[in-house]
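Below are the chains, spelled out letter by letter.
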Amino acid sequence: MAESTRTPGVAPGRLDTATLETNFADLHGALEPHEAQVAADRCYFCHDAPCVTACPTTIDIPLFIRQIATGTPKAAAKTIFDQNILGGMCARVCPTETLCEEACVREAAEGKPVDIGRLQRFATDTLMNEGKQPYSRAAATGKKVAVVGAGPAGLSCAHRLAMYGHDVVIFDAKDKPGGLNEYGIAAYKSVNNFANNEVAWLLSIGGIEIKQGQAIGSDIALADLQNEYDAVFLGVGLDGTNKLAVPGAELNHVTDAVQFIADVRQSEDYTDVAVGRHVVVIGGGMTAIDAAVQARLLGAENVTIAYRRDQENMNASRWEQELAAAKGCNILPHLQPVSIEGKGEVTSITLEYTDATTDGLKGTGETVTLNADQVLMAVGQTLEGQPAGLSLSGSKIQVDSAGRTSVDGIWAGGDCASGGDDLTVTAVAEGRDAAEDIHKQLISN
Amino acid sequence: MADLTTEFLGIRTPNPFWLASAPPTDKEYNVRRAFEAGWGGVVWKTLGSDGPPIVNVNGARYGAIWGADRRLLGLNNIELITDRPLQINLDEIKQLKQEYPDRAIIVSLMVPCEEQAWKDILARVDETGADGIELNFGCPHGMAERGMGSAVGQVPEYIEMVTRWCKENYDKPVIVKLTPNITDIRFAARAAKAGGADAVSLINTINSITSVNLDTMSPEPSIDGKGTHGGYCGPAVKPICMHMVAEIARDDETSGFPISAIGGVTTWRDAAEYMVTGAGNVQVCTAAMTYGFKIVEEMISGLSDWMDSKGYTSTSEFMGQAVPNVTDWQYLNLNYVAKAKIDQDSCIKCGRCFAACEDTSHQAIWMKEGRVFEVNDAECVACNLCVNVCPVEDCITMEPMAAGETDPRTGKEVVAEYGNWTTHPNNPSVFEKA
């Protein structure tokens, strides 16, 4: 093999194919039926269960686990899909350690929650592996709804609307549907092309047409959608990425972590993906973790996550932080970038230590310079090309609890909209709830 | 470590844990290993009359029910008595008794209800040097239809008759094993005593069908698409056996009559509970069949630890201690008032107590802000359901109210005096007398 973890600069093929396959294998493997049985037996079937309260989509978790325990995993899957049609993906990517499993009473009792995420995967895999769509459409209503964005929010919204008998057209800017499920998730969380298969399965309900390569603003106009459709749902995500305003940010191999993650996910062969020997990731969220871990898995010798606040403040869960540490990433808190050095290509990054003060974060003046062949920025994403005429809340589209924007006939949900956390599961909930509201309005007209 | 030596009918064994008559005791290989593992004694798998060997089914003999994590709670079987030749069994018994003189070997017997049949086999058993015999009047399947097993145990007159034959033709202890498949165990026990038995052992297995296969519509265990009732045993039957042991122990006619308790003994605690309820020792089968002979080590260490903690130096010191506290409902103290109390520190907030009380009992538990569960004393009747459904042991307890306090449910003062149904003003017979 020509390249290795010690090859200078940014290079592909630092590890052999076999090693890469192992590195990118399913992070949380599927439960075998026996394992699922044992795991399901641990559920206490709590009253008004805290796990359900903690789930953004309010899946009836005790019920679906009891259905697994009693030998009816397909009924369990139906319980899940009733609330969350992307329950298969959520079982893979939800930060369960900060949601249902954190709330599980057995976490309180024994520090070891019921394995809810993997049980959900067991149930949803069982049904989805049959390749059948569990829902059918109601009689056609003759109503047409435009959904912008084929990410979790848009797909969830579209499926619910199709179920109610409305016709849906999804306009999506990318080449493939799925949104962040397709482009934005670490490859080891969604193996075997799961995101794409899940979309195909979801669409099998019928009544949903997807148009790829259709970005709002450039390819399609919101006003046209308003005219041509009975309702519009915006689930456009946060397509813009924040940049580092430091000298040297324009150097080669200083890029978005989001793009890096997408490149890894979309690669047919991991030996083609170039990665630095010394990689520095700036940020403290899930994007930072996903980028850093995958850089290590691709064969980077040193991967550092630099975060400006203390580790407690990182948006990435403790579990994700520990995953990064276990994979050999170095997490350095209290460091903010001040300059990036190099000639044409980045060679190092200089970071300043910070103190949290009552007036906010302050640099201490002390700096450290790290070798860097590649700098990945994971410092937040923003709503790009915000549709004119819609009120914003902060930097996001303002919506009420039903997903209604400030403009009649336009709903929004997912990361682009104000409301819950930027999580797949939250987007699914918001898309679903907007669909319910759209349906209510369409049938009352 | 407390000395567990236990004397039952004059038979001394190093501990009170015997293996019951069943597959674990059907041959030298098993019994030798059981003795090496530490079991105090065995009741050899039931022997029948000399003749053509017993024929068993060639398919599933056992059915079961399970709890969480597939923990075996109840087992049933359709196996018959030994299917090995009589003389081989007798030879093995003789050999093992010589090798293990400090362990009990009791021979279980089941032959037709004719005195000569019993005479014949008793003479041969006597030659083995075994410590005694146990009359199998309990097997509920296969042999019962041939006039043996529970067919005898269900007729007190037969019990008495056969027991008498045995006592007349055999000098060593005779234990009569009773079937639970009757309405009142006391009649069977009284009959055994009247026939001269030295002890009763109980229970044999309970008539049962454990499950039905929903694809083939056959009861389990299934033999070529058909099933039959089998004998049920294991942890699930313990409460039924405990009651029967207690009834015999407190019956005027059989009080003090030695009892060997059999029924779901799985841990040292089960054994201790049986012995304080009137048993002189215990017999174990399902636990050994589930976990192997090694479990006796826990039974020995557990019973010994408990005895040390209570200051008992001999198993005879605690035998029967709970018998005086087994009474009839009408003698329970109706002036006793308790209330459930939830320990907030150990509560894990599952809410099962709330669901149980709210949906199925007395609406006496509040679910407050932040999933805080508290008992409403004004509604609580201390039924204990919350305690029973709580997954955390000792999180919910029943706290007695002191005399002089006012029960917020009834508005009445708790009185110190004992008062039962026989004198209660609501009792129609009391009312009529007045």
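Residues numbered from 1 in each chain as written. Chains lettered and ligands numbered in written order. Predicted model: local features only at pLDDT ≥ 70, side-chain atom pairs only at ≥ 80, totals over all residues. Heavy atoms only, no water.

**Notes on the overall build of chain B**
(1) Moving on: Counting its regular elements, chain B contains 13 helices and 20 strands.
(2) Moving on: Taken over the C-alpha atoms alone, chain B extends approximately 75 × 55 × 50 Å along its principal axes.
(3) Moving on: In the structure as shown, chain B presents an accessible area of about 20000 Å², 51% of it carried by carbon and sulfur atoms.
(4) Moving on: The centroid of the 37 positive side-chain charges in chain B is displaced by 2 Å from the centroid of its 58 negative side-chain charges. (Helix = DSSP H or I, 4+ residues; strand = E, 2+ residues; numbered from the N terminus. Areas by Shrake-Rupley, 256 points an atom, 1.4 Å probe, with all protein chains shown as cover. Lys, Arg positive; Asp, Glu negative; His and termini not counted. Charge placed at Lys NZ, Arg CZ, Asp CG, Glu CD.)

**So, the pairing of strand β5 (residues 231–234) of chain A**
Successive side chains on a regular strand alternate, one facing one side of the sheet and the next facing the other.
Residues and elements named next belong to chain A.
(1) Moving on: Burial of β5 is two-sided: the residues A231 and F233 facing one way and the residues V232 and L234 facing the other way are all buried.
(2) Moving on: Summarising the sheet, strand β2 (residues 144–148) and β5 pair through 4 bridges and their orientation is parallel. If you follow V148 over to β5, its bridge partner there is L234.
(3) Moving on: Here 3 bridges tie β5 to strand β19 (residues 410–412), and the two strands are oriented parallel to one another. By the bridge assignment, L234 is partnered in β19 with A412. (Buried < 20%, exposed > 50% of the residue type's maximum accessible area, 1.4 Å probe, protein only. Pairing = 2+ DSSP bridges.)

**With respect to the sheet that holds strand β10 (residues 199–202) of chain B**
Residue and element names in this part refer to chain B.
(1) Moving on: Pairing is parallel in the closed barrel, where 8 strands are placed in the order β3-β4-β7-β8-β9-β10-β15-β16. Going across the sheet, the axis of each strand differs from the next one's by a mean of 25°, ignoring polarity.
(2) Moving on: In this fold helix α5 (residues 156–169) packs onto β8 (132–136) and β9 (174–177), with an angle of close to 160° to the strand it touches most, β9. (Axes fitted to C-alpha atoms, helices over the stretch in contact; angles between N-to-C directions. Contact = heavy atoms within 4.5 Å.)

**Re the packing of aromatic side chains**
(1) Moving on: In this structure the tally under the stated criterion is 11 aromatic pairs over all chains.
(2) Moving on: Both rings, one in F171 of chain A and one in Y229 of chain A, keep their centres 6.1 Å apart while their planes meet at 85°; by these two values the pair is edge-to-face. On the criterion of sequence distance, the pair formed by F171 of chain A in strand β3 (residues 167–172) and Y229 of chain A in the loop between α13 (222–228) and β5 is long-range, its members being 58 residues apart. The same class applies to F171 of chain A as to Y229 of chain A, namely buried.
(3) Moving on: Above the ring of Y229 of chain A, the side-chain terminus of K144 of chain A is found at 5.0 Å from the ring centroid.
(4) Moving on: The positively charged end of R190 of chain B is found above the aromatic ring belonging to F187 of chain B, 5.1 Å away from the centroid. (Phe/Tyr/Trp six-rings, centres within 6.5 Å; stacked < 30°, edge-to-face > 60°. Lys NZ or Arg CZ within 6 Å of the ring centre and 35° of its normal.)

**Observations regarding the interface of chain B and chain A**
(1) Moving on: In this assembly, 13 residues from chain B lie in contact with 12 residues from chain A.
(2) Moving on: Interface area for chain B against chain A, summed over the two sides, is near 940 Å², with a carbon-plus-sulfur share of 62%.
(3) Moving on: The largest contributions to the chain B side of the interface with chain A come from D69, I348 and R371 of chain B, which together make up 45% of the buried area.
(4) Moving on: Connecting chain B to chain A are 0 salt bridges.
(5) Moving on: Taken together, the connections running from chain B to chain A amount to 5 residue pairs in polar contact (both at pLDDT 80 or more).
(6) Moving on: Examining the composition of the side of chain B that touches chain A, we find that 3 residues originate from one element, helix α11 (residues 352–360) of chain B, more than from any other.
(7) Moving on: When grouped by side-chain class, the residues that make up the side of chain B that touches chain A number 7 nonpolar, 1 polar and 5 charged. (Buried area = accessible area lost by both parts, 1.4 Å probe. Salt bridge = Lys/Arg side-chain N within 4 Å of Asp/Glu carboxyl O. Polar contact = N/O pair within 3.5 Å; in protein donor to acceptor, adjacent residues only side chain to side chain. Nonpolar A, V, L, I, M, F, W, Y, C, P; charged D, E, K, R; others polar.)

**What about the domain arrangement of chain A?**
Many descriptions give the size of an interface as the accessible area lost when the pieces come together.
Residues and elements named next belong to chain A.
(1) Moving on: Each assigned domain of chain A is listed with its residue range as follows: domain 1 (33–128), domain 2 (144–239 + 383–444) and domain 3 (241–380).
(2) Moving on: In this assembly, 13 residues from domain 2 lie in contact with 13 residues from domain 3.
(3) Moving on: Buried surface at the junction of domain 2 and domain 3, both sides included, amounts to about 1000 Å², of which 45% is carbon and sulfur.
(4) Moving on: The largest contributions to the domain 2 side of the interface with domain 3 come from Y183, A187 and Y188, which together make up 47% of the buried area. (Domains from an automatic or database assignment.)

**Observations regarding the sheet that holds strand β10 (residues 302–306) of chain A**
Residue and element names in this part refer to chain A.
(1) Moving on: Strand order in the open sheet made by the 5 strands is β7-β15-β9-β10-β11, with parallel pairing throughout. Every interior strand has two partners, whereas the edge strands, β7 (254–256) and β11 (330–332), have only one. On average, each strand axis in the sheet is tilted by 25° relative to the strand beside it, whichever way the strands run.
(2) Moving on: Inspection of the sheet shows β10 paired to β11 by 3 bridges, in the parallel sense. Considered in β11, the bridge of T304 is made with N330.
(3) Moving on: Along the sheet face, helix α14 (residues 257–266) touches β7 and β15 (374–377) and points at about 75° away from the line of β7.
(4) Moving on: This element, helix α15 (residues 286–297), spans β9 (278–282), β10 and β15 of the sheet and lies at about 170° to β10.

**Regarding the domain arrangement of chain B**
(1) Moving on: For chain B, the domain assignment lists domain 1 (6–325) and domain 2 (329–433).
(2) Moving on: On a C-alpha basis, the centroid separation for the pair domain 1 of chain B and domain 2 of chain B is 39 Å.

**Some words on the state of the cysteines**
(1) Moving on: Overall, the coordinates contain 0 disulfides over all chains when judged by the stated rule.
(2) Moving on: Distance from the sulfur of C46 of chain A, which forms no disulfide, to the nearest cysteine sulfur (C350 of chain B) is 5.0 Å.
(3) Moving on: Lacking any disulfide linkage, C380 of chain B is separated from the closest cysteine sulfur, that of C386 of chain B, by 6.4 Å. (Disulfide = S-S within 2.5 Å.)

**Structural notes on the packing of helix α4 (residues 61–69) of chain A against helix α5 (residues 73–83) of chain A**
What describes two packed helices is the angle between their axes and the distance between those same axes.
Residues and elements named next belong to chain A.
(1) Moving on: Where α4 meets α5, the axes come as close as 7 Å, and the angle between the chain directions of the two elements is 165°. Judged by the angle between their axes, α4 and α5 are roughly antiparallel. Between α4 and α5 the crossing geometry is left-handed. Between α4 and α5, the residues in contact are L63, F64, Q67 and I68 and P73, A75, A76, T79 and I80, respectively.
(2) Moving on: Considered class by class, the residues forming the contact of α4 with α5 number 7 nonpolar, 2 polar and no charged. (Parallel < 35°, antiparallel > 145°, perpendicular 65-115°, else oblique. Left-handed = near helix turned anticlockwise from the far one by under 90°.)

**Notes on the environment of G207 of chain A**
Residues and elements named next belong to chain A.
(1) Moving on: Along the chain, the position of G207 falls in the loop between α12 (194–203) and β4 (208–212).
(2) Moving on: Counting along the chain gives 67 residues from G207 to A140, while the straight-line C-alpha distance between them is 9.1 Å.
(3) Moving on: Among residues more than four places away in sequence, those in contact with G207 are R137, H166, D167 and V168.

**Description of the pattern of salt bridges**
Side chains that differ in sign of charge can pair as their charged atoms come close.
(1) Moving on: Counted by the stated rule, this structure contains 45 salt bridges over all chains.
(2) Moving on: D433 of chain A serves as the salt-bridge partner of R432 of chain A, at 2.9 Å between the closest nitrogen and oxygen.
(3) Moving on: Among the residues examined, R432 of chain A registers a relative accessible area of 9% and is labelled buried.
(4) Moving on: As a salt-bridge pair, R250 of chain B and D328 of chain B come within 2.6 Å of each other at their nearest N and O atoms. Taken together, the residues span a long stretch of sequence, with R250 of chain B in helix α7 (residues 238–250) and D328 of chain B in the loop between α10 (296–310) and β17 (338–342) at a distance of 78 residues.
(5) Moving on: A relative accessible area of 26% places R250 of chain B in the partly exposed class.
(6) Moving on: A residue is classified by how much of its surface remains accessible, and D328 of chain B, at 31% relative accessible area, is partly exposed.
(7) Moving on: A single network of salt bridges, built from pairs that share partners, joins D26, R92, R121 and D125 of chain A.

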